[in-house]
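Now for the letters of each chain:
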Amino acid sequence: MYLTPQHVLLAGATGLTGEHLLDRLLNEPTISRVLAPSRRPLAEHPHLENPVGDPQVFLPQLSGRVDIAYCCLGTTIKQAGSEAAFRAVDLDMVVAFAKRAREMGARHLIVISAIGADPKSSVFYNRVKGEMEQALRAQDWPQLTICRPSLLLGERTEPRLAEQLAGPLSKLIPGKYRGIEACHLARAMWRLALEEQDGVRVIESDDLRKLGK
């Protein structure tokens, strides 16, 4: 069965994938409202509501019914400044956003995780992503879609050196470890929103890439 969400909640609209997804959502004629809180202002649009400020302040204040929630939040340890600060964004903030989205009526959460996410991983980054997935599963969503992209490709406002160095090589790697264009990931996330499939669904990077072309 295919549904068309009309009221959308989006976190991470200023990020690489979030920017592409926001543009797609605002250009969908069936969507009447996109609620996209952010730390810095977004371009104005008649269907966009953009609370600006500290997420800890505005998250409880978000109001109105939403059909679906997208979470594109994510940082790096270097950008965050420490492992604790990284965990605060990629785990705590994601879980808090999802909880608020559920309270606002969203039945479907589509979230960006990462390839290799595993709560038991010896790699800190993968372990945090795995813990995040685990926490979202515990929220008992009617429909939870977890996207696990490999290295994201595209032009960031604030370039990440590791991605710039690894990007060209990642295009040569076969299967799910090959890099994925952020615009393709955003397109795949939109298409996944149109599918009604109860329970938890995990989509690996190679399937995301195919779905997003």
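Here the structure is a predicted model, which means the values were calculated and not measured.

> Would you mind showing me how to read the packing of helix α4 (residues 83–103) against helix α5 (residues 124–138) here?
For any two helices packed against each other, the geometry comes down to the angle between their axes and how far apart the axes lie. One can describe the packing of α4 onto α5 by two numbers: an axis separation of 10 Å at closest approach and a directional angle of 20°. The pairing of α4 with α5 is recorded here as roughly parallel in orientation. Considering the relative orientation of α4 and α5, their crossing is right-handed. Here E83, F86, R87, D90, L91, V94, V95 and A98 of α4 come into contact with α5, specifically with F124, Y125, V128, K129, E131, M132, A135 and L136.

> It is not clear to me how the packing of helix α1 (residues 16–26) against helix α7 (residues 182–193) should be interpreted in this structure. Could you clarify?
Relative orientation of the contacting elements α1 and α7 amounts to 50°, with a least axis distance of 8 Å. With respect to each other, α1 and α7 are oriented oblique. Helix-helix and strand crossings are classified by hand; for α1 and α7 the assignment is right-handed. Only A182, C183, L185, A186, R187, M189 and W190 of α7 make contact with α1, whose side of the interface consists of L16, T17, H20, L21, R24 and L25.

> Whenever I open this one, the nonpolar core confuses me. Can you help?
Considering soluble globular proteins, one finds that nonpolar side chains tend to be buried as a cluster. Counting 31 residues, the largest nonpolar core has L10, L25, Y70 and M189 as the members making the most contacts within it. Broken down by secondary-structure element, the contributors of at least two residues to this core are β1 (7–11), α1, β4 (68–71), β5 (108–112) and α7. Per element, the largest residue contribution to this core is eight residues, and it comes from α7. In contact with M189, other than residues within four places in its own chain, are T17, L21, Y70, C72, I110, I112 and C147.

> Would you explain the pattern of salt bridges in this entry?
Opposite charge on two side chains allows them to pair when their charged atoms are near. In the structure shown here, the tally under the stated rule is ten salt bridges. Between E28 and R24 there is a salt bridge; the shortest N-O distance is 3.9 Å. Since its relative accessible area comes to 28%, R24 is described here as partly exposed. With a shortest N-O distance of 2.5 Å, E195 and R201 are connected by a salt bridge. The network of salt bridges with common partners includes K99, R100 and E103.

> Got a minute to help me understand the packing of aromatic side chains in this structure?
By convention here, two paired aromatic rings are described through the distance between centres and the angle between planes. Across all of its chains, the model carries two aromatic pairs by this definition. When the ring of F86 is compared with that of F124, the centres are 5.8 Å apart and the planes differ by 55°; the resulting orientation is tilted. Of this pair, F86 sits in helix α4 while F124 sits in helix α5, placing them 38 residues apart in sequence. Side by side, F86 and F124 carry an identical accessibility label, which is buried. Between F86 and Y125, the ring centres sit 5.6 Å apart and the planes meet at 35°, which makes this aromatic pair tilted.

About the thresholds
- Residues numbered from 1 in each chain as written.
- Predicted model: local features only at pLDDT ≥ 70, side-chain atom pairs only at ≥ 80, totals over all residues.
- Heavy atoms only, no water.
- Axes fitted to C-alpha atoms, helices over the stretch in contact; angles between N-to-C directions.
- Helix = DSSP H or I, 4+ residues; strand = E, 2+ residues; numbered from the N terminus.
- Parallel < 35°, antiparallel > 145°, perpendicular 65-115°, else oblique.
- Left-handed = near helix turned anticlockwise from the far one by under 90°.
- Contact = heavy atoms within 4.5 Å.
- Core = buried A, V, L, I, M, F, W, Y, C linked by side-chain atoms within 4.5 Å.
- Buried < 20%, exposed > 50% of the residue type's maximum accessible area, 1.4 Å probe, protein only.
- Salt bridge = Lys/Arg side-chain N within 4 Å of Asp/Glu carboxyl O.
- Phe/Tyr/Trp six-rings, centres within 6.5 Å; stacked < 30°, edge-to-face > 60°.

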